[in-house]
Amino acid sequence: KEKNIALLGDTDQAIYGFRGSSPDNLKRLAEYFGAAILHLDTNYRSTQTIVNAGKSLIDHNSYLFEEKHPTTKNEKGSDVYHVIYKDQNQEATRTAHMIDAFTNMEDKDGNKMQYSDIAVLVRASYLTRIFEDAFIKYNIPYTIVSGHSFYDRLEIKDIVSYLKYIYNPRDFVSLSRII
């Protein structure tokens with residue numbers, strides 16, 4: 001009645017279609033309540049290259065709510081690479097190889113990329129273990145943000161303790177964990 005409702009959404013990120021979400025929902029709600037649509041087109045985090053890459057993907061959506069013109073005041077940034085892998089094991093292994101290559105080659109000024117300059121975004125939490133295994137194998141230091149390392153889970157530590165103790169009955173640290 002007072003038209004004091006506010007909604008925030010992105011019509012191009014209706015990833016919950018299996019729950020009934022649709023890009024059209026926001027449009028219908030705005031029409032139903034007579035709401036004004038305000039566009040938040042400025043991206044404050046990403047480089048222009050990332051913003052352009054995102055827009056080029058969105059432009060191929062089968063349903064476009066409306067034309068968007070995202071911008072940023074950030075610099076151009078590095079190029080975006082798109083790679084397709086046959087499975088998650090190949091993805092993790094080749095990602096580790098790329099990180100190894102990036103941290104071992106010098107740019108034109110003789111500087112090397114640091115591990116802290118690199119982030120790997122994983123599309124599902126169950127994949128973290130595969131990446132952890134690859135990073136351990138290639139001695140790549142890593143930190144998991146917003147989640148738990150597979151090897152830090154209590155049940156995994158317990159199982160590893162059993163295996164260590166079976167292998168070495170004098171491993172009293174593992175025995176104390178089992179007990």
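The structure this text deals with has already been given above.
Owing to the predicted nature of the structure, the values given are computational and were not obtained by experimental measurement. (Residues numbered from 1 in each chain as written. Predicted model: local features only at pLDDT ≥ 70, side-chain atom pairs only at ≥ 80, totals over all residues. Heavy atoms only, no water.)

### Describing the environment of V122
Phase 1 of the analysis: Checked against the element boundaries, V122 lands in the loop between α3 (88-104) and α4 (128-137).
Phase 2 of the analysis: Overall, the relative accessible area of 30% leaves V122 in the partly exposed class.
Phase 3 of the analysis: In sequence terms V122 and A92 are 30 residues apart; their C-alpha atoms lie 10.0 Å from each other.
Phase 4 of the analysis: Every residue in contact with V122, bar those within four places of it in the chain, is listed here: L127, T128 and F131. (Helix = DSSP H or I, 4+ residues; strand = E, 2+ residues; numbered from the N terminus. Buried < 20%, exposed > 50% of the residue type's maximum accessible area, 1.4 Å probe, protein only. Contact = heavy atoms within 4.5 Å.)

### Examining the packing of aromatic side chains
Phase 1 of the analysis: Scanning all chains against the criterion turns up 3 aromatic pairs.
Phase 2 of the analysis: Considering the side-chain rings of F135 and Y142, the 6.0 Å spacing of their centres and the 50° angle between planes classify their relative orientation as tilted.
Phase 3 of the analysis: Clustering of aromatic rings is evident, with ring pairs tying together F131, F135 and Y142. (Phe/Tyr/Trp six-rings, centres within 6.5 Å; stacked < 30°, edge-to-face > 60°.)

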